[in-house]
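The primary structure of each chain is shown beneath.
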Amino acid sequence: AVRPGLFWVDLGANCGNSYALFVRRILPTLQIARKSDILRAFLFEFNPRMHSQFLDSLESRDSRVKVMKAAAHVRDGSFPAYLDNRKESAGQFKCVAKPGAPNPAGASSLLSDMPRAGKPINVTAVDVPAFMRRTFCKGDEIHLKMD
């Protein structure tokens, strides 16, 4: 891993719009003391629609981004989740990086009895506390977004 590091960790990245806001509006205001500080981003999102419509292309365009195709959890494993059952087509929704902008549709739920819950998908879960212990070290600056 890069040492020392500057990190953005998004636990529930949706389309990546919070990362874009961080890079555009917050990163320029940070006092980076060491020239060796390099931004790295870990975007956790288990919804495959967000991967195919937004996050895969973001990861390929921005070498600082690593998309974690998994749910943030307190232990490694898997569980069922339910994608929104509305039909969506690629390009139908925009990923807008501005405060208050709506996220693209493609919601998901852990509850099967939600009004728009579709068929279950099996979701990989990553133990985030263990991930953080493995990935970061003393001196790293970590910006953590959870929702």
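The rules behind the values
Residues numbered from 1 in each chain as written. Predicted model: local features only at pLDDT ≥ 70, side-chain atom pairs only at ≥ 80, totals over all residues. Heavy atoms only, no water. Helix = DSSP H or I, 4+ residues; strand = E, 2+ residues; numbered from the N terminus. Buried < 20%, exposed > 50% of the residue type's maximum accessible area, 1.4 Å probe, protein only. Areas by Shrake-Rupley, 256 points an atom, 1.4 Å probe, with all protein chains shown as cover. Pairing = 2+ DSSP bridges. Arc of directions from axis to C-beta. Contact = heavy atoms within 4.5 Å. Polar contact = N/O pair within 3.5 Å; in protein donor to acceptor, adjacent residues only side chain to side chain. Core = buried A, V, L, I, M, F, W, Y, C linked by side-chain atoms within 4.5 Å.

## Details of the overall build of the protein
1) Next: Within the protein, the secondary structure is distributed over three helices and eight strands.
2) Next: When the helices and strands of the protein are placed in sequence order, the string is β-α-β-α-β-β-β-β-β-α-β.
3) Next: Every one of the 147 residues in the protein was classed for burial, and the buried ones make up 44%.
4) Next: Split by element, the accessible area of the protein, about 8600 Å² in all, is 55% carbon and sulfur.

## A closer look at the pairing of strand β5 (residues 77-84)
1) Next: Of the strand pairs in this sheet, β5 and strand β7 (residues 117-127) are connected by seven bridges, and their pairing is antiparallel. Considered in β7, the bridge of Pro80 is made with Asn122.

## A closer look at unusual backbone geometry
1) Next: Look at Asn14: it is not a glycine, yet its phi comes out positive at around 50°.
2) Next: Tracing the sequence through the fold places Asn14 in the loop between β1 (5-11) and α1 (17-26).

## Let's talk about helix α3 (residues 128-135)
1) Next: Buried within α3 are the following residues: Val128, Ala130, Phe131 and Thr135. For α3, the arc enclosing every buried residue in end-on projection is 160°, short of the 170-degree limit, so these residues lie on one face.
2) Next: Against β1, β2 (38-44), β3 (65-68), β4 (71-73) and β7 lie the buried residues of α3.
3) Next: N-capping of α3 is provided by Asp127, with a side-chain oxygen placed 3.0 Å from the backbone N of Ala130.

## Thoughts on the nonpolar core
1) Next: The biggest cluster of nonpolar side chains holds 16 residues, and the ones touching the most others in it are Trp8, Tyr19, Leu39, Leu43 and Val65.
2) Next: Within the residue set of this core, elements represented by two or more residues are β1, α1, β2, α2 (48-61) and β3.
3) Next: It is α2 that contributes the most residues to this core, four residues altogether.
4) Next: When neighbours within four sequence positions are excluded, Leu43 is seen to be in contact with Trp8, Asp10, Ala13, Tyr19, Leu55, Leu58, Val65, Lys66, Val67 and Met68.
5) Next: Among the nonpolar cores identified, the runner-up in size contains 11 residues, and Val9, Ala70, Val128 and Phe131 belong to it.

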